[in-house]
Amino acid sequence: IHTPFLTAVMLAFTYMGEVGAIWIAAAAVLLAFRKTRPCGVVLAAALIIDFLVVNLALKNIVARPRPFTVSEELLAFLEQIEYKLPSGWSFPSGHAAVSFCAAAVLTGFYKGKGAWSFAAAALIAFSRLYLGVHYLTDVLAGAAIGALIGVLCGHYGKILCAKVKESNKAVSYTHLRAHETSAHV
């Protein structure tokens, strides 16, 4: 079912998800603006946690070989399209995990406006199946783990951001009152 056009599209989505690049870029953009900075901080933290859990812990614990290591047909396809073979383990999919993690955080902060990110996450995850570098269970587990990390980070991150904002207002108010009192003396 591989066609040149579909292969080009799937490669584009896979490259967007490579090392979480699109999501790291999204976090950087969000961090650049005061209004979106809380989401940027939470997204960056969620991406780091996702990396630690999925790429450093789970992949090495499970140590599942990739599909192309047991299929000459898949290996030939990847060589034909000149795709650099991933060197890490297969389970869970890091692309799916980081993408669904980011989508959960973005949707948690921006509701409907963030929902587009789930479409991008799904296409990035599907690209891994299409290319034959993951099994279906790798992608499903990665998506579930990433979404869970994203939902938890989003939920607790929003609570923490609200407390920090409230604390900053209290400090600012106290500072203002102290300044007014010293000006009247």
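Residues numbered from 1 in each chain as written. Predicted model: local features only at pLDDT ≥ 70, side-chain atom pairs only at ≥ 80, totals over all residues. Heavy atoms only, no water.

Draft legend 1. Main features of the environment of Ala27. Positionally, Ala27 belongs in helix α2 (residues 21–32). According to the relative accessible area criterion, Ala27 is buried, its value standing at 4%. Note: C-alpha distance between Ala27 and Leu85 (58 residues apart in sequence) is 27 Å. Residues contacting Ala27, with those up to four places away along its chain left out, are Gly40, Leu43, Ala44 and Leu47. (Helix = DSSP H or I, 4+ residues; strand = E, 2+ residues; numbered from the N terminus. Buried < 20%, exposed > 50% of the residue type's maximum accessible area, 1.4 Å probe, protein only. Contact = heavy atoms within 4.5 Å.)

Draft legend 2. Molecular detail of the confidence of the model for the protein chain. Of all residues in the protein chain, 91% attain a pLDDT of 70 or more, and the chain-wide mean is 90. No element of the protein chain has a lower mean pLDDT than helix α7 (residues 136–184), at 81, and none a higher one than helix α3 (residues 37–62), at 96. (pLDDT = per-residue confidence, 0-100.)

Draft legend 3. Representation of unusual backbone geometry within the structure. In the segment running from Phe91 into Pro92, the intervening peptide bond is cis, with an omega of -10°. Unlike most non-glycine residues, Val19 shows phi in positive territory, near 45°. Among the structural elements, Val19 can be located in the loop between α1 (4–17) and α2. Residue Val19 is classed as exposed on the basis of its relative accessible area, which comes to 69%. In the Ramachandran plot, Glu82 falls in the positive-phi region, its phi being about 60° despite a non-glycine side chain.

Draft legend 4. How the structure looks around the packing of helix α5 (residues 94–110) against helix α6 (residues 116–131). Where α5 contacts α6, the two axes come as close as 8 Å, and the packing angle between them is 175°. Overall, the two elements α5 and α6 adopt an arrangement that is roughly antiparallel. Across from His95, Ala96, Ser99, Phe100, Ala103, Ala104, Leu106 and Thr107 in α5, the residues of α6 making contact are Trp116, Ser117, Phe118, Ala121, Ala122, Ile124, Ala125 and Arg128. A per-class count over the contact of α5 with α6 returns 11 nonpolar, four polar and one charged. (Axes fitted to C-alpha atoms, helices over the stretch in contact; angles between N-to-C directions. Parallel < 35°, antiparallel > 145°, perpendicular 65-115°, else oblique. Nonpolar A, V, L, I, M, F, W, Y, C, P; charged D, E, K, R; others polar.)

Draft legend 5. A look at the layout of surface pockets. Quantified by volume, the largest pocket comes out at close to 570 Å³. Glu18, Val19, Gly20, Asn55 and His95 are the residues nearest the centre of the largest pocket, which is lined by 27 residues in total. When contributions to the lining of the largest pocket are tallied by element, the ones reaching two or more residues are α1, α2, α3 and α5. Tallying contributions element by element places α3 first for the lining of the largest pocket, with seven residues. Approximately 170 Å³ is the volume attributed to the second largest pocket. Every residue along the wall of the second largest pocket is listed here: Pro38, Lys158, Cys161, Ala162, Val164, Lys165 and Asn168. With six residues, α7 is the single largest residue contributor to the lining of the second largest pocket. Among the residues making up the lining of the second largest pocket, the classes are represented as four nonpolar, one polar and two charged. (1 Å grid on protein atoms, 1.4 Å probe; cavity = no way out; pocket = protein on both sides within 12 Å on 5 of 7 lines; lining within 4 Å. Points joined across faces, edges and corners; volume = space filled by probe spheres on them.)

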